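What follows is each chain in one-letter form.
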Amino acid sequence: MDNITILDHPLIKHKISMLRDKQTGTNEFRKLVGEVAMLMGYEALRDLPLEEVEVETPIETCMTPMLTGRKIAIIPILRAGLGMVDGLLSLYPSAKIGHIGLYRDEITYEPREYYCKLPDAIDERIIIVTDPMLATGGSAVDAIGQIKKHGGKNIKFMCIIAAPEGLKNLSESHPDVQIYVGQQDRGLNENAYIRPGLGDAGDRIFGTK
Ligand code: PRP
Ligand code: URA
């Protein structure tokens, strides 16, 4: 599974530990999700294309690298993926935002689609799909399938916590997608929740139950 990058940075590890703590309230939780997304984005955008441009410094003219080429689309999987958008926008403010609405059926754990709106020229963009949790992987596999149906090609997926089952499912279903993971956990419980995980990410971000 060489399309998986598990991030290994102490700041990310520390912030994920704070997210796991059930005492962490909505306000702090939301802030931490954004910060982890930004730190992960720094790594996930490492291969952005650059071109040499001419710039006049106060001292002299020089050739210096600037971002070029393909534009970025951030596509959160609703709801919880929304919590990661601002962190990525702080790195790349001109990104366009798409939305994919999915919820997991409580009995079958299968994803149910309810919304899909993507930026134009999606086939020409570098796409970052966000969702804090990769559990069975069903939601991510389905969302990325929808993006591909609309023409998306260059796709990265970013999650904060992944179960090995979800990673295997996503990596095998979409081997062309680069997957970025904050931390890999032990597995799933009988309700397909990640152990130890952080609970229900959407409920904790939005303060619902
Ligand atoms: C959560 C999470 C993922 C999905 C992960 O969303 O944000 O989208 O479950 O589970 P999977 O890998 O087994 O598909 P949920 O369905 O609870 O919806 P929400 O974000 O609206 O709360
Ligand atoms: N969705 C969540 O929000 N958390 C889990 O552990 C699994 C699915």
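The structure this text deals with has already been given above.
Please read all numbers here as calculations on a predicted model, not as lab measurements. (Residues numbered from 1 in each chain as written. Chains lettered and ligands numbered in written order. Predicted model: local features only at pLDDT ≥ 70, side-chain atom pairs only at ≥ 80, totals over all residues. Heavy atoms only, no water.)

Undergrad: For the pairing of strand β10 (residues 154–162), give the residues involved together with the corresponding values.
TA: When you tally the buried positions in β10, you get eight out of nine residues, the bulk of the element. Here strand β8 (residues 126–130) pairs with β10 via five bridges, running parallel. In the strand pairing of β10, I126 is matched with N154. In terms of strand pairing, strand β9 (residues 133–134) meets β10 through two bridges, oriented parallel. By the bridge assignment for β10, L134 is matched with A162. As a crossover connection, the stretch from β9 through helix α4 (residues 138–149) into β10 is right-handed. Alignment of β10 against strand β11 (residues 178–184), held across six bridges, turns out to be parallel. Residue A162 lies in a different strand from β11, and its bridge partner there is Q184. (Buried < 20%, exposed > 50% of the residue type's maximum accessible area, 1.4 Å probe, protein only. Helix = DSSP H or I, 4+ residues; strand = E, 2+ residues; numbered from the N terminus. Pairing = 2+ DSSP bridges. Right-handed = clockwise from strand over helix to strand, strands pointing away.)

Undergrad: Which residues make up the site of ligand 1, and what values do they have?
TA: What surrounds ligand 1 is a group of 15 residues, the closest being R104, D131, T136, G137 and S139. Separating an oxygen atom of ligand 1 from a side-chain N or O atom of R79 is a distance of 2.9 Å. In the model, an oxygen atom of ligand 1 is placed 2.7 Å from a nitrogen or oxygen of the R104 side chain. For ligand 1, whose unbound accessible area comes to 500 Å², protein coverage reaches 90%. Sorting the residues of the shell around ligand 1 by element identifies β6 (99–104), β9 and α4 as the ones contributing at least two each. Across the shell around ligand 1, the residue classes break down as six nonpolar, five polar and four charged. (Near = heavy atom within 4 Å. Polar contact = N/O pair within 3.5 Å; in protein donor to acceptor, adjacent residues only side chain to side chain. Areas by Shrake-Rupley, 256 points an atom, 1.4 Å probe, with all protein chains shown as cover. Nonpolar A, V, L, I, M, F, W, Y, C, P; charged D, E, K, R; others polar.)

Undergrad: Go over the site of ligand 2, please, and point to the residues and values.
TA: R104, M133, A135, A192, Y193, I194, G199, D200 and A201 make up every residue found near ligand 2. Here I194 contributes a backbone N or O atom positioned 2.8 Å from an oxygen atom of ligand 2. Between ligand 2 and the protein, one listed contact pairs an oxygen atom with a backbone N or O atom of A201 at 2.9 Å. Computed on the free molecule, ligand 2 has an accessible area of 240 Å², of which 88% lies beneath the protein chains in the complex. Its residues assigned to classes, the shell around ligand 2 shows six nonpolar, one polar and two charged.

Undergrad: Help me get a handle on the packing of α4 against helix α5 (residues 164–173), residues and values and all.
TA: Their axes nearest at 8 Å, the elements α4 and α5 cross at an angle of 20°. The angle between the axes of α4 and α5 places the two elements in the roughly parallel class. α5 is crossed by α4, and the crossing has right-handed handedness. Contacts between α4 and α5 involve G138, A140, V141 and I144 from the former and N169, L170 and S173 from the latter. Grouping the amino acids of the contact of α4 with α5 by side-chain chemistry returns four nonpolar, three polar and no charged. (Axes fitted to C-alpha atoms, helices over the stretch in contact; angles between N-to-C directions. Parallel < 35°, antiparallel > 145°, perpendicular 65-115°, else oblique. Left-handed = near helix turned anticlockwise from the far one by under 90°. Contact = heavy atoms within 4.5 Å.)

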